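Structural overview
Residues per chain, in single letters:
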Amino acid sequence: MGLKMNLPTIALFLLLAAASAAGANINIRKYGAQVNSDITPALTKAWKDACQTPGTNTVVIPKGTYRLGAVQFMGPCKGHIELQVRGILLAPGDRGYFKSGSWVNFQRIDGFTLSGGGTFDAKGKHVWGKRSCSGIRYCGDLPISLRFDFITNGLIKDITSLDSKQFHINLLGCKNVTFQNVNVIAPDHSPNTDGIHIGRSTGIKIIDTKIATGDDCISLGDGSENILIKGVTCGPGHGISVGSLGKYKNEAPVVGVNVVNCTFINTQNGVRIKTWPNSFAGTASDMRFENLLMKNVSTSMLIDQLYCPWNQCKAQIPSKVKISNISFKNIRGTASTKDVVKLLCSKSFPCQDVKVTDIDVRYSGRDGPATFQCVNIKPTTSGRLYPPPCSSH
């Protein structure tokens, strides 16, 4: 015999079920957090409670300025979880405070949102001028501001990363994560402050985002697959880079990269693919760079298989990274040097199936005209092309 319920009972049952699925908003002030104070313990406790509660739960950091120490937000959680940052979070200035290599670290979460319109201020100015990190060498012991490790089905939107000590944002082992309307801000002299670095991740989208920093606006390491970068404004910075690749053994392929409808302003490069000479074997393929606007950019299009910063390699030994199926289309604007296009491929593994269509980037300097260099490559060209392809060798 079935259970009979009248209409009011059914309505109440549905309401309770919906409330359970909806979860709750958890304000960190209920955990003792105060403006202009250290909220690390309160935020950590609020996250743990939200993570262990079924349904969709939101941890809210209200408007105001707060101090936040190094934290790890661990999953898995029992439901979708959102961290809504409405205020300004200040990192410790002393580099000696950080032991784990990151300031804010999100790990192993399926179903995650970071939002709120707030700011993560890493106070990088406290370390950029230090002697140990002001030179040209990489300063690896500085913390990454926002680290996302093994996040699945994530959305990061409407936040600002300010003055990171090292990388602003780093992804490792992530799947189906979207960045939308994110602001990344640091001066052009800030060292190693990549805006968003992606490694061994798939299905990553970066949309309608502004990045101004001292290194690559976006960098793609090995194992980056099915990446969409759309509507990004980059500058100052070093541009959008694939690589560097080939430095380490057993690097995973980079495949399926689409960079479309982006603008580059006063950057060292526009789009580039870079691999080490004397490298380990690897592949980079199926990439599309399309509808890009360059404003006073040094080199708009660059394939550099002779990438060797700090003279740390044997440059005379060709790269073993194979580059193929690359398309550059509808790229226009102005250059700050005459080296507008440089396609410098490996002698051992020349670039294959590279298409160049409708390029018009102008340079007006006295040492002109603009050049389009080709080494170990025979690109397929079509449409209007300026500078003329392979006009300098």
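Residues numbered from 1 in each chain as written. Predicted model: local features only at pLDDT ≥ 70, side-chain atom pairs only at ≥ 80, totals over all residues. Heavy atoms only, no water.

1. Some words on the side chain of Asn105
Quick reminder of the rule: Counting from the N terminus, the helices are DSSP H or I runs at least four residues long and the strands are E runs at least two residues long. Working definition: with a 1.4 Å probe on protein chains only, accessible area under 20% of the residue-type maximum means buried, over 50% means exposed, and in between means partly exposed. Throughout this description, a polar contact denotes any pair of N or O atoms lying within 3.5 Å of each other; where both atoms belong to protein, one of them has to be capable of donating a hydrogen while the other can accept it, and for residues adjacent in sequence the pair is counted only when both atoms sit in side chains. Should any heavy atoms of two residues lie within 4.5 Å, those residues are considered in contact.
Relative to the helices and strands, Asn105 is located in strand 7 (residues 102-107). Judged by relative accessible area, Asn105 falls into the buried class, the value being 3%. At 3.3 Å, the side chain of Asn105 and the side chain of Asp149 are in polar contact. Residues contacting Asn105, with those up to four places away along its chain left out, are Val71, Gln72, Phe73, Arg147, Phe148 and Asp149.

2. Focus on the confidence of the model for the chain
This is how the line gets drawn: Each residue gets a pLDDT score, which is the predictor's confidence in that residue and runs from 0 to 100.
When pLDDT is averaged across the chain, the result is 92; 91% of the residues are at 70 or more. Here residues 11-21 is a poorly scored stretch, pLDDT under 50, and it has 4 contacts once near neighbours within four places are set aside; other chains count.

3. A word on the pairing of strand 10 (residues 144-149)
It is a general feature of regular strands that their side chains alternate between the two faces of the sheet. Formally: Pairing between two strands requires that DSSP report at least two bridges joining them.
With 5 of 6 residues buried, strand 10 is to be regarded as a mostly interior element. The sheet contact formed by strand 10 and strand 13 (residues 169-172) spans 4 bridges and is parallel. Across the sheet, Asp149 pairs through a bridge with Leu172, a residue of strand 13.

4. Observations concerning the UniProt feature "active site" (unreviewed entry) in the chain
Put simply, the rule is: UniProt positions are given in the numbering used here, feature names are shortened, and annotations may be inferred rather than shown by experiment.
Sites flagged by UniProt as "active site" (unreviewed entry) map to His238. Along the chain, His238 falls in the loop between strand 21 (233-234) and strand 22 (240-245). His238 has contacts with Gly214, Asp215, Asp216, Cys217, Gln268, Asn269 and Arg272, leaving out every residue within four places of it along the chain.

5. As for the state of the cysteines
Convention followed: The criterion for a disulfide is a pair of cysteine sulfur atoms lying within 2.5 Å.
Across all of its chains, the model carries 4 disulfides by this definition. In this model Cys345 forms its disulfide with Cys351; the gap between the sulfur atoms is 2.0 Å. Taking the sign of the S-S torsion, about -100° here, the bridge from Cys345 to Cys351 comes out left-handed. Considered together, Cys345 and Cys351 belong to a single accessibility category, that of buried residues. Take Cys174: it sits in no disulfide, and the sulfur closest to it among the cysteines is that of Cys77, at 14 Å. Cysteine Cys262 remains unbridged, with the sulfur of Cys234 as its closest cysteine sulfur at 8.6 Å.

6. Focus: the pattern of salt bridges
Note the threshold: Criterion for a salt bridge: a side-chain nitrogen of Lys or Arg within 4 Å of a carboxyl oxygen of Asp or Glu.
Evaluated as defined, the whole model comprises 10 salt bridges. The salt bridge partner of Glu290 is Arg288, with a shortest N-O separation of 3.1 Å. In this structure Glu290 comes out as buried when scored by relative accessible area, which is 15%. Overall, Arg288 belongs to the partly exposed group, its relative accessible area being 32%. One network of salt bridges, in which partners are shared, links Asp216, Arg272 and Lys274.

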